[in-house]
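# Tertiary structure, described
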Amino acid sequence: MIELHYAATPNGQKIAIMLEETGLAYRVTPYDIFEGDHLDPAFGTINPNHKLPAIVDHAPVDGGAPFAVFESGAILQYLAEKSGLLLDAEGRGRSLALQWLTWQVAGLGPMGGQASHFLRYAPDGQDYAVARYTRELERLLRVLENRLSEAPYLAGDAYSIADIAVWPGRAASHVMGIGFEGYPAIADWFDRIAARPAVRRAMNDPVFKAPDKYMGRNQRLSDDEWSNMFGDRMHGAVQR
Ligand SMILES: N[C@@H](CCC(=O)N[C@@H](CS)C(=O)NCC(=O)O)C(=O)O
């Protein structure tokens, strides 16, 4: 049994899709990051970085004690290796999948996250930051479009954990006002993945749906919400 510690954001949805794709048994512990659920000291023993998602594998393959994994890219790789699915065991296909997975978790995700922050949460008047991050996001989408113009999936011919890492960002792009009219290969790939039964199951399950408050533009957070996600409470959670 895998326990998924989950907030309804693209990073969490990656793992929801992966669990449905692999058929591994799981249960979900939902977190509301606006309310600061992720700052609970007990969660720090599962993810010392206090961010979602994280998993606990209660039946690890080594037969030992329950094993916690944090960072969405590491979780995808762990679940692929546990199930033997969606990541080649060796060779070029494996390397390509890990290259594109790393591109997402180290590039597209953080840059998209900063664009999202300045467009959605920061006080007005951050024009330089908005331009810097939205422009870099558009550059990364061009890289994605170029790759999907030459191969049906990011690692080549086969759907893999790299596709699962990138795909849930679609909703966030819409919130930021980025459409896919100029990106036909991305649009086609989005639709092909959206039609997969496992993806449909995950995205249609109410437990995985993003609430409206995670999807707004120009949000005005309360002082408590700001503290939980960006301020003193978030920083306090990692002080010893
Ligand atoms: N690099 C991490 C990013 C995790 C992350 O930033 N999670 C967000 C939700 S998408 C979170 O927990 N935010 C709560 C906060 O920052 O207060 C991953 O890929 O898992």
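Relevant structure appears above.
Everything numeric here is computed off the predicted structure, so don't read it as measured data. (Residues numbered from 1 in each chain as written. Predicted model: local features only at pLDDT ≥ 70, side-chain atom pairs only at ≥ 80, totals over all residues. Heavy atoms only, no water.)

## Side note on the overall build of the chain
- Looking only at helices and strands, the chain features eleven helices and four strands.
- Whereas a compact globule of 240 residues would reach a radius of gyration of roughly 18 Å, the chain reaches 18 Å, a difference of no more than 12%.
- Buried residues in the chain amount to 48% of all 240 residues.
- Accessible area for the chain stands at about 11,900 Å²; split by element, carbon and sulfur atoms hold 51% of it.
- Across the chain, 23 positive and 30 negative side-chain charges occur, with their mean positions spaced 3 Å apart. (Helix = DSSP H or I, 4+ residues; strand = E, 2+ residues; numbered from the N terminus. Rg over C-alpha atoms; globule rule 2.2 N^0.38 Å. Buried < 20%, exposed > 50% of the residue type's maximum accessible area, 1.4 Å probe, protein only. Areas by Shrake-Rupley, 256 points an atom, 1.4 Å probe, with all protein chains shown as cover. Lys, Arg positive; Asp, Glu negative; His and termini not counted. Charge placed at Lys NZ, Arg CZ, Asp CG, Glu CD.)

## What about the packing of aromatic side chains?
- Counted under the stated rule, the structure contains 13 aromatic pairs.
- Judged by centre distance (5.8 Å) and plane angle (5°), the rings of F118 and Y133 are stacked. Pair noted here: F118 is in helix α4 (residues 91-120) and Y133 is in helix α5 (residues 127-150), with a separation of 15 residues, a long-range link.
- Relative to F190, the ring of F180 has its centre 4.9 Å away and its plane inclined at 65°; by these criteria the two rings are edge-to-face. With a gap of ten residues between them, F180 in the loop between α7 (169-175) and α8 (184-194) and F190 in helix α8 connect regions that are remote in the sequence. (Phe/Tyr/Trp six-rings, centres within 6.5 Å; stacked < 30°, edge-to-face > 60°.)

## Some details on the site of the ligand
- Close to the ligand lie T9, N11, I33, H38, K51, L52, P53, E71, S72, N228, M229 and M234, which account for all nearby residues.
- One nitrogen or oxygen atom from the side chain of K51 is found 2.6 Å from an oxygen atom belonging to the ligand.
- Taking S72, its side chain carries an N or O atom lying 2.6 Å from an oxygen atom of the ligand.
- Its free accessible area being 510 Å², the ligand has 80% of it covered by the protein chains. (Near = heavy atom within 4 Å. Polar contact = N/O pair within 3.5 Å; in protein donor to acceptor, adjacent residues only side chain to side chain.)

## Focus: the pattern of salt bridges
- Within this structure, the stated rule accounts for eleven salt bridges.
- In this structure, E20 and R201 form a salt bridge, with 2.7 Å as the shortest nitrogen-oxygen distance. Here E20, found in helix α1 (residues 10-22), pairs with R201, found in helix α9 (residues 197-204); they are 181 residues apart in sequence, far enough to count as distant.
- Residue classification places R201 among the partly exposed positions, given a relative accessible area of 44%. (Salt bridge = Lys/Arg side-chain N within 4 Å of Asp/Glu carboxyl O.)

Limitation: the analysis is restricted to geometry and does not speak to function.
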